[in-house]
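Okay, here's what each chain looks like letter by letter:
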Amino acid sequence: MSGVQLRVVAAEEAEQRLDRWFRRHFPQVTQGQIEKMCRKGDIRVDGGRVKANTRIGPGQEVRVPPLPDAGAKAPAQVRSRISDADAEMIRSTVIYRDDHLIAINKPPGLPSQGGSKQTRHVDGLAEALKFGLSDKPRLVHRLDKDTSGILLLARHQAAASSLTAAFRARHTRKIYWAAVAGVPTPRMGTIKFGLVKAPGHGKKGEGEKMLCLHPDEVDGTPDAKHATTDYAVLSALATRAAWVALVPVTGRTHQLRAHMAELGHPVVGDGKYGGSGQENLGDGWGAQLGGEMSRKLHLHARFLTITHPFTQARLALTAPLPEHMVRTWDALEWRAADVPDDPFLEDT
C-alpha cells in the first residue's frame, strides 16, 4: 500500500478526463474505485473536490490517496477475458485504421464507457482493438449509448492528446443523420437554446435530462451552458416525419436530442425527450411514427472530417446506418445517394 502522493499533470497529458489519467498511472485501480475515491474527496485536484469525469490541465496537482501496490491482484471482473463473440463484434465495427487512430461505427445500445450498471462498453472491448500494439486504443470523444455512428479512438498517447485537443477546439466537423417527427420550419436553420441539467428522480440521479433555456437566460442560470446546433431537412414524408442533418457546433450532453425536441420535432424513438406516443397535442409531435417503424432512437453520427494529427491530411469518414434506421429509410424511400455528405455547403 502506497502513501499519499501529489502528482503534477504533464503538458502532454492535458485535456483528458481525470479517471483516464488515473487508470494510466495506476492500472491496478478500477473505475469504480476511482469514482468512490472522488465521491469521498480522497482524490483532489489543486486541493478541490472533483468528479471522475473532470478534465485536468497541465500543471495541475492531483492528490493521490494510498493505493494498492501495482502488483496487487486485480479484481475478477478486470481479469475477465473478452469473449470471442464480443471481440469479433467490435472488430467488425472498424471502418478506418492506421498506426495512430481507429474509427469504429458504434452500434446502438453499446455505451462508450462503463458506469455503475454498465459492464460491456466500447472502452472495455477496445482490448480487442490493439492490432499488434501493447496498449489498447483510447477514446477521445463519446456517443450516447443509443446513438450509433463514428467514434474515434487513439492508438497511443500522442495521438490521444492531439485528437482530444482537436475536438475541444472544434477543429472537427461532425454531421449526424436523424429521423424526426414532423417537419421543421424553416427547412434549414440554427438552434441556439442554452442547456442546463435537470436532476433525475432515482436514488442516484437516474433519469436526468437537459432543459433548454432562451440564450439570454444562460449567463444568469447556474451551471447552464450555451449550445448551438445547425440543422437541414434533407427529405420529408408529407408533414409526418423528416430526414434531417444535424451539426453540433457545440458539444453538450444530449444537445441534438434536446434541441430538436424543443423545436417540437423530437428524434424518432427518443422517449426521454419526445415521449412514447405519436400524438400532436399542439406543442409538437410525439417521438414515434407507429406502424412497422422501429421504436429505437433514430440518431446516427454519419460523417466526420478531421485533420490527421500526424499526416496532416484531411480525413473524411462515413458510417453506414444501423439496421433499424436502414429499415426506416427503406420504408420511407429515403436514399443516401440523393443527398450530399455536407448539405450545409450547398448553394442555397
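Residues numbered from 1 in each chain as written. Predicted model: local features only at pLDDT ≥ 70, side-chain atom pairs only at ≥ 80, totals over all residues. Heavy atoms only, no water.

By the naming in an unreviewed UniProt entry, the chain is Pseudouridine synthase, taken from Tranquillimonas rosea. The UniProt entry for the chain carries the following text under Function (unreviewed entry): "Responsible for synthesis of pseudouridine from uracil." Under the heading Sequence similarities (unreviewed entry), UniProt records this for the chain: "Belongs to the pseudouridine synthase RluA family." (UniProt positions renumbered as here; feature names shortened; annotations may be inferred.)

(A) Region of interest: the overall build of the chain. Across its full length, the chain holds 10 helices and 18 strands. Looking at the chain as a whole, 47% of its 348 residues are labelled buried. Contacts spanning at least 24 positions in sequence make up 64% of the contacts within the chain whose residues lie at least 6 apart. Roughly 17,600 Å² of accessible area belongs to the chain as shown, and the carbon and sulfur atoms make up 48% of that amount. (Helix = DSSP H or I, 4+ residues; strand = E, 2+ residues; numbered from the N terminus. Buried < 20%, exposed > 50% of the residue type's maximum accessible area, 1.4 Å probe, protein only. Contact = heavy atoms within 4.5 Å. Areas by Shrake-Rupley, 256 points an atom, 1.4 Å probe, with all protein chains shown as cover.)

(B) Up close: helix 6 (residues 157-168). Its 12 residues give helix 6 an end-to-end C-alpha distance of 16 Å, which sits within 8% of 16 Å, the value for a rise of 1.5 Å per residue. Looking at helix 6, one finds that the buried residues are A159, A160, L163, T164, A166 and F167. With its buried residues spanning 160° around the axis, helix 6 presents them on a single face. Looking at the buried positions of helix 6, the neighbouring elements they touch are strand 5 (55-56), strand 8 (101-106), strand 9 (138-139), strand 10 (148-154), strand 11 (172-181) and strand 17 (299-307). Of the residues one or two after helix 6, R170 is the one with positive phi, at around 60°. (Expected span 1.5 Å × (residues − 1). Arc of directions from axis to C-beta.)

(C) Highlighting the packing of aromatic side chains. Evaluated as defined, the whole model comprises 6 aromatic pairs. Between W177 and W243, the ring centres sit 5.0 Å apart and the planes meet at 80°, which makes this aromatic pair edge-to-face. Of this pair, W177 sits in strand 11 while W243 sits in strand 16 (residues 241-248), and the two are 66 residues apart along the sequence. Per residue, the accessibility class of W177 equals that of W243, and both read buried. Through a chain of ring-to-ring contacts, three or more aromatic side chains come together here, namely W177, W243, W329 and W334. R97 extends its terminal NZ or CZ atom over the ring of F131, reaching a point 3.9 Å from the ring centre. (Phe/Tyr/Trp six-rings, centres within 6.5 Å; stacked < 30°, edge-to-face > 60°. Lys NZ or Arg CZ within 6 Å of the ring centre and 35° of its normal.)

(D) View of the nonpolar core. By size, the foremost hydrophobic cluster in this structure holds 30 residues, and its most contacted members are I104, L246 and L299. When we break this core down by domain, the ones giving at least three residues each are domain 2 (84-169) and domain 3 (175-332). (Core = buried A, V, L, I, M, F, W, Y, C linked by side-chain atoms within 4.5 Å. Domains from an automatic or database assignment.)

(E) Representation of helix 2 (residues 31-40). Of all the residues in helix 2, the buried ones are I34, M37 and C38. Buried residues of helix 2, seen end-on, are gathered within an arc of 100° and therefore sit on one face of the element. Those residues of helix 2 that are exposed and angled more than 90 degrees off the buried face are R39 and K40. Two residues or fewer past helix 2, G41 is found with a positive phi of approximately 85°.

(F) Looking closely at unusual backbone geometry. A cis amide bond links T185 with the next residue in sequence, P186, at an omega value of 0°. Mapped onto the fold, P186 is located in the loop between strand 11 and strand 12 (188-191). Phi angles above zero are rare outside glycine, and H254 is one such case at about 55°. Within the secondary structure, H254 is located in the loop between strand 16 and helix 8 (255-262). Of note in this structure, Q312 is not a glycine but carries a positive phi near 65°. Inspection of the secondary structure assignment puts Q312 in the loop between strand 17 and strand 18 (314-318).

(G) View of the environment of G48. Note on placement: G48 falls in strand 4 (residues 48-49). For the pair formed by G48 and V62, sequence separation is 14 residues and the distance between their alpha carbons is 9.5 Å.

(H) Fine view of the sheet that holds strand 6 (residues 61-64). The strand order across the open sheet formed by 4 strands is 1-6-3-4, and the pairing between neighbours is antiparallel. Each having just a single partner strand, strand 1 (5-8) and strand 4 make up the two edges of the open sheet. Inspection of the sheet shows strand 3 (residues 44-45) paired to strand 6 by 2 bridges, in the antiparallel sense. Note that in strand 6 the partner of V45 across the bridge is V62. Relative to the sheet, helix 1 (residues 18-25) contacts strand 1, strand 3 and strand 6, its axis offset from that of strand 6 by approximately 60°. (Pairing = 2+ DSSP bridges. Axes fitted to C-alpha atoms, helices over the stretch in contact; angles between N-to-C directions.)

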